[in-house]
Amino acid sequence: MPSKTVRVQIVRDGSMCFVPVPFDPKPLFGRVRAPVRVTLNGYTYRSTIAAMGGTVWIPLLRSNREAAGLVGGETLDVEITLDTDKRKVSPPADLVTALKGAAPAWDRWRELSFTHQREFADAITQARRPETRARRIAQAVRMIRSRPAKKLAQRQGDKARRLTSA
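Cut-offs used in this document
Residues numbered from 1 in each chain as written. Predicted model: local features only at pLDDT ≥ 70, side-chain atom pairs only at ≥ 80, totals over all residues. Heavy atoms only, no water. Pairing = 2+ DSSP bridges. Helix = DSSP H or I, 4+ residues; strand = E, 2+ residues; numbered from the N terminus. Axes fitted to C-alpha atoms, helices over the stretch in contact; angles between N-to-C directions. Expected span 1.5 Å × (residues − 1). Buried < 20%, exposed > 50% of the residue type's maximum accessible area, 1.4 Å probe, protein only. Arc of directions from axis to C-beta. Contact = heavy atoms within 4.5 Å. Phe/Tyr/Trp six-rings, centres within 6.5 Å; stacked < 30°, edge-to-face > 60°. Lys NZ or Arg CZ within 6 Å of the ring centre and 35° of its normal. Core = buried A, V, L, I, M, F, W, Y, C linked by side-chain atoms within 4.5 Å.

Engineer: I would appreciate a short explanation of the sheet that holds strand β1 (residues 3-9) in the present structure.
Structural biologist: In a beta sheet, neighbouring strands are held together by backbone hydrogen bonds and run either parallel or antiparallel to one another. If you trace the four strands from one edge of the open sheet to the other, you get β1-β8-β4-β5, paired in antiparallel fashion. Only two strands of the sheet have a single partner each, and these edge strands are β1 and β5 (43-48). Geometrically, the sheet is characterised by an average inter-axis angle of 30° between neighbouring strands, direction not taken into account. Judged from the six bridges that link them, strand β4 (residues 35-40) and β5 form a sheet pairing that is antiparallel. Among the inter-strand pairings, threonine 39 is bridged to a residue of β5, identified as threonine 44.

What follows is the structure, encoded as structure tokens:
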């Protein structure tokens, strides 16, 4: 499995934190926006390399930063490894029940990217009060249900356009 260890300073700007990637990930991982496992300070998490405005970096969510015992600004060795495992979110049972009870929300949920599914699931599981959780579930169902369906032909056409434009 391709991997690289780099010594970097964790960047923190307000509440945002990220791990700079001081090398071109494409030769090592096959693409710039590669799914990776990041190990820092003995803690490992899954993410995707981001590239914006010439800067290549890996997001460091507050939950991951705190689990690694970091605040931002630390200089440390970070191991970045290509993540080839299937990414799957196990949504909370009460969200599944609500989605399945509000057709076509469950179908739209299954079309969401890993990241979007994780964000919805995390927002619900992080609610401290039952009424907050219920409100977040209702909001998630409304948002997901209102998404237009991705048709198989549309997805295949998108893939074909990407292939022919390359």
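Engineer: Sorry, what's going on with helix α6 (residues 130-145) here?
Structural biologist: Residues spaced three or four apart along an α-helix point in a common direction, a consequence of the helix completing one turn every 3.6 residues. Taking 1.5 Å of rise per residue, 16 residues should cover 22 Å, and α6 covers 22 Å from first to last C-alpha, within 8% of that figure. Residues of α6 that are buried: Thr132, Ile137, Ala140, Val141 and Ile144. Projected down its long axis, α6 carries its buried residues within an arc of 170°, all on one side. Turning to α6, the residues buried within the fold contact α3 (93-100), α4 (105-111) and α5 (114-125).

Engineer: Sorry, what's going on with the packing of aromatic side chains here?
Structural biologist: What characterises a pair of aromatic rings is the spacing of the ring centres plus the angle enclosed by the ring planes. Considering all chains together, one arrives at three aromatic pairs under this definition. Ring geometry for tyrosine 43 versus tyrosine 45: centroids 6.4 Å apart, planes at 20°, classification stacked. Taking the relative accessible area as the measure of exposure, tyrosine 45 reaches 4% and is therefore buried. The ring of phenylalanine 23 has lysine 4 lying over it, and the distance from NZ or CZ to the ring centre is 4.8 Å.

Engineer: Sorry, what's going on with α3 here?
Structural biologist: Those residues of α3 that fall on the buried side of the exposure criterion are Leu95, Val96 and Leu99. Burial along α3 is one-sided: seen end-on, the buried residues are contained in an arc of 100°. Along α3, exposed side chains directed more than 90 degrees from the buried face belong to Ala93 and Thr97. The inward-facing, buried residues of α3 abut α4, α5 and α6.

Engineer: Explain the nonpolar core here, please?
Structural biologist: Where a protein is soluble and globular, its nonpolar side chains tend to be buried together. By size, the foremost hydrophobic cluster in this structure holds 23 residues, and its most contacted members are Val19, Leu40, Ile58, Val78 and Ile80. The set of elements that each furnish at least two residues to this core consists of β1, β3 (16-20), β4, β7 (55-59) and β8 (75-82). In contact with valine 78, other than residues within four places in its own chain, are Lys4, Thr5, Val6, Val8, Val19, Val38, Thr39 and Leu40. Membership of the second largest hydrophobic core comes to 15 residues, among which are Ala102, Leu112, Val141 and Ile144.

Engineer: In this structure, what is going on with the environment of alanine 102? I would like to understand it.
Structural biologist: Position of alanine 102 relative to the elements: it lies in the loop between α3 and α4. Given a relative accessible area of 10%, alanine 102 falls into the buried group. Separated by 39 residues in sequence, alanine 102 and valine 141 place their C-alpha atoms 7.4 Å apart. For alanine 102, the residues in contact, after removing those within four places along its chain, are Val141 and Arg145.

Engineer: What am I meant to see in the sheet that holds strand β2 (residues 11-13) here?
Structural biologist: Taking strand neighbours across the sheet as the criterion, the four strands line up as β2-β3-β7-β6 in an open arrangement whose pairing is antiparallel. The sheet is open, and its two edges are formed by β2 and β6 (50-52), each paired on a single side. For this sheet, the mean angle separating the axes of adjacent strands, direction not counted, is 40°. Pairing of β2 with β3 involves three bridges; the strand directions are antiparallel. Pairing of arginine 12 across the sheet is with cysteine 17, part of β3.

Distances and angles like these do not, on their own, reveal function.
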